[in-house]
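Structural characterization, general
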Amino acid sequence: MQYYSTNNPSVKSDLKRAVINGLAADKGLFMPELIPVLPDDFWKALPDMSLGEIGFQTLKHFFCPEIPEDEFRQLTTEAFNFPIPLVPVTDRIGSLELFHGPTLAFKDIGARFLARVMARFTKDTGAAVNVLVATSGDTGSAVANGFLGVEGVNVFVLYPKGLVSDVQEKQFTTLGQNITAIEVDGTFDDCQRLVKTAFMDDELKKSMQLTSANSINLARFLPQMVYYFSAYAQALKQGRKEVKLCVPSGNFGNLTAGLIAYKMGLPIKRFVAATNCNDIVPKYLNTGNYQPAPSIATPANAMDVGDPSNFVRIQELFHHKLSDIKAVVEGVKVDNDTIYSTIRSVFKTSGYVLDPHGAIGYHAIKDKLDTNAYGIFLATAHPAKFPETVEEVIQQKVEQPERLKAFLDGQKQVESASADYGDLVKILLGHAGRK
Ligand SMILES: *Cc1c(COP(=O)(O)O)cnc(C)c1O
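Keep in mind that this is a model prediction, so the values were computed, not measured. (Residues numbered from 1 in each chain as written. Predicted model: local features only at pLDDT ≥ 70, side-chain atom pairs only at ≥ 80, totals over all residues. Heavy atoms only, no water.)

**What to know about the overall build of the chain**
Tallying secondary structure elements over the chain gives 20 helices and 14 strands in all. On the principal axes, the C-alpha backbone points of the chain span a range of 60 × 50 × 40 Å. When each of the 435 residues of the chain is scored for burial, the buried share is 60%. Expressed as a percentage of contacts within the chain between residues at least 6 apart in sequence, the contacts between residues at least 24 apart total 75%. About 17400 Å² of surface is accessible on the chain, with carbon and sulfur atoms providing 48% of the total. Taking the average place of the 44 positive charges on the side chains of the chain and the average place of its 48 negative ones, the gap between the two points comes to 3 Å. (Helix = DSSP H or I, 4+ residues; strand = E, 2+ residues; numbered from the N terminus. Buried < 20%, exposed > 50% of the residue type's maximum accessible area, 1.4 Å probe, protein only. Contact = heavy atoms within 4.5 Å. Areas by Shrake-Rupley, 256 points an atom, 1.4 Å probe, with all protein chains shown as cover. Lys, Arg positive; Asp, Glu negative; His and termini not counted. Charge placed at Lys NZ, Arg CZ, Asp CG, Glu CD.)

**A few points about the nonpolar core**
Ranked by internal contacts, the top residues of the largest apolar core, which has 97 residues, are Phe 63, Phe 113, Phe 147, Met 225, Tyr 228 and Phe 229. Residues Phe 99, Ala 274, Phe 347 and Phe 377 belong to the second largest nonpolar core, which totals 36 residues. (Core = buried A, V, L, I, M, F, W, Y, C linked by side-chain atoms within 4.5 Å.)

**Thoughts on the site of the ligand**
In the vicinity of the ligand, 15 residues are found, and the nearest of them are Lys 107, Gly 250, Asn 251, Phe 252 and Thr 380. A distance of 2.9 Å separates an oxygen atom of the ligand from a polar atom in the backbone of Asn 254. Between the ligand and the protein, one listed contact pairs a nitrogen atom with a side-chain N or O atom of Thr 380 at 2.8 Å. When the free accessible area of the ligand is taken as 380 Å², the share hidden by the protein chains comes to 96%. Tallied by class, residues from the shell around the ligand come to 6 nonpolar, 7 polar and 2 charged. (Near = heavy atom within 4 Å. Polar contact = N/O pair within 3.5 Å; in protein donor to acceptor, adjacent residues only side chain to side chain. Nonpolar A, V, L, I, M, F, W, Y, C, P; charged D, E, K, R; others polar.)

**So, the sheet that holds strand β11 (residues 270–275)**
The strands making up a sheet are joined through hydrogen bonds of the backbone, oriented either antiparallel or parallel. If you trace the 6 strands from one edge of the open sheet to the other, you get β4-β5-β13-β10-β11-β12, paired in mixed fashion. The open sheet has two free edges, formed respectively by β4 (86–88) and β12 (329–333), since each of these has just one partner strand. Across this sheet, the average inter-strand angle for adjacent strands is 25°, counted without regard to direction. Note: strand β10 (residues 243–248) against β11, 5 bridges, orientation parallel. Across the sheet, residue Leu 245 finds its bridge partner in β11, namely Phe 271. Lying on the sheet, helix α12 (residues 253–263) is in contact with β10, β11, β12 and β13 (374–379); it crosses β11 at an angle near 175°. (Pairing = 2+ DSSP bridges. Axes fitted to C-alpha atoms, helices over the stretch in contact; angles between N-to-C directions.)

**A look at helix α17 (residues 356–367)**
Taking 1.5 Å of rise per residue, 12 residues should cover 16 Å, and α17 covers 17 Å from first to last C-alpha, within 8% of that figure. Judged by how many residues are buried, α17 sits mostly within the fold: 9 of 12 residues are covered. Pro 356, His 357, Gly 358, Ala 359, Ile 360, Gly 361, Tyr 362, Ala 364 and Ile 365 are the residues of α17 that are buried. (Expected span 1.5 Å × (residues − 1).)

In structure tokens form, the structure reads like this:
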């Protein structure tokens, strides 16, 4: 399949170039030229499929035959190797727990898949690929763990010194192998600027191949459609008929994946796009005015995005027609007080512990639940990733899963850099697999 740029449909790329380059040459985002509708056979077999098989059956339309089918089936089995259960919270609302992967957040799913696809494509070219990522916390750990030990790929994680939580820092600084953590004496914005400067540095790119791993990469957001199919299958098995689904959103890669699943025939009538106070999209859905703004800090910090990079993909899916988007997507903004009160009241009434992002999803789906529908919200992170907030609200310790404890016991290994670009280049050239 060919992939076109959201800036200009005649700018096209094959899969391999689209994955390795991340962005189109005209800086647009790649979209699949065609979205297939899944056949009856698929829907019949869906209830008994493993996640790996759902991944294979749905994603092969985008990734095969560029990756041969037998190899691709193995790839999806390896990438989707942890459970994604639909857990009842009330009798009308279920939590789709996306946090059972290595770093306890849903980004593990996209990162594990992207790493394997990228490794597959770089094997062909023979040159090492260097993934550069700036993180304020969650992205760095998911990407680093997704790529850990993957041959032919070096990962550099830039993060602001002293500004990420202990738990988050441990998840990408203790890994070693092909992962280099770079502690930058500056802010997250400095880290982002350094990464952008590197991507535009033609001199540097002569000696090393650089790529990004954020959700603008189509091999990172497309695999997320897998759990939308799985959620639907699990709801059917639990005897639900009509399902409404809520996605706590920041850059909107996750919702984009859900809407592609919808276009492939997933029988979910409506989606709720939930945001924190960074409510650019809910405002747009209400007023027709799309107004990016500087981001505001909230307790659901992975959703603190004032200019959501993937929203243009959603507009593209609905041919830039607001009325068509509104027919499928509703927006809800959830303020900080409501995040806290939701964590508190859900814990009190059901014993279920929400993290701040999941709390946004729960509140929004409850708010928008129609009489006959069953509501599912995506629980995007484990509450143990946000102990400060959650323990303060529920007045109890949150239990730490074993794999989180393993990170906390690890030894921190970092390179230190100033916010000066020259420092970064030295570190990159010191570690990178040269072309
Ligand atoms: C990244 C992230 C989100 C937002 O997902 P998008 O695809 O950017 O909309 C929500 N919750 C958590 C925990 C995240 O890490």
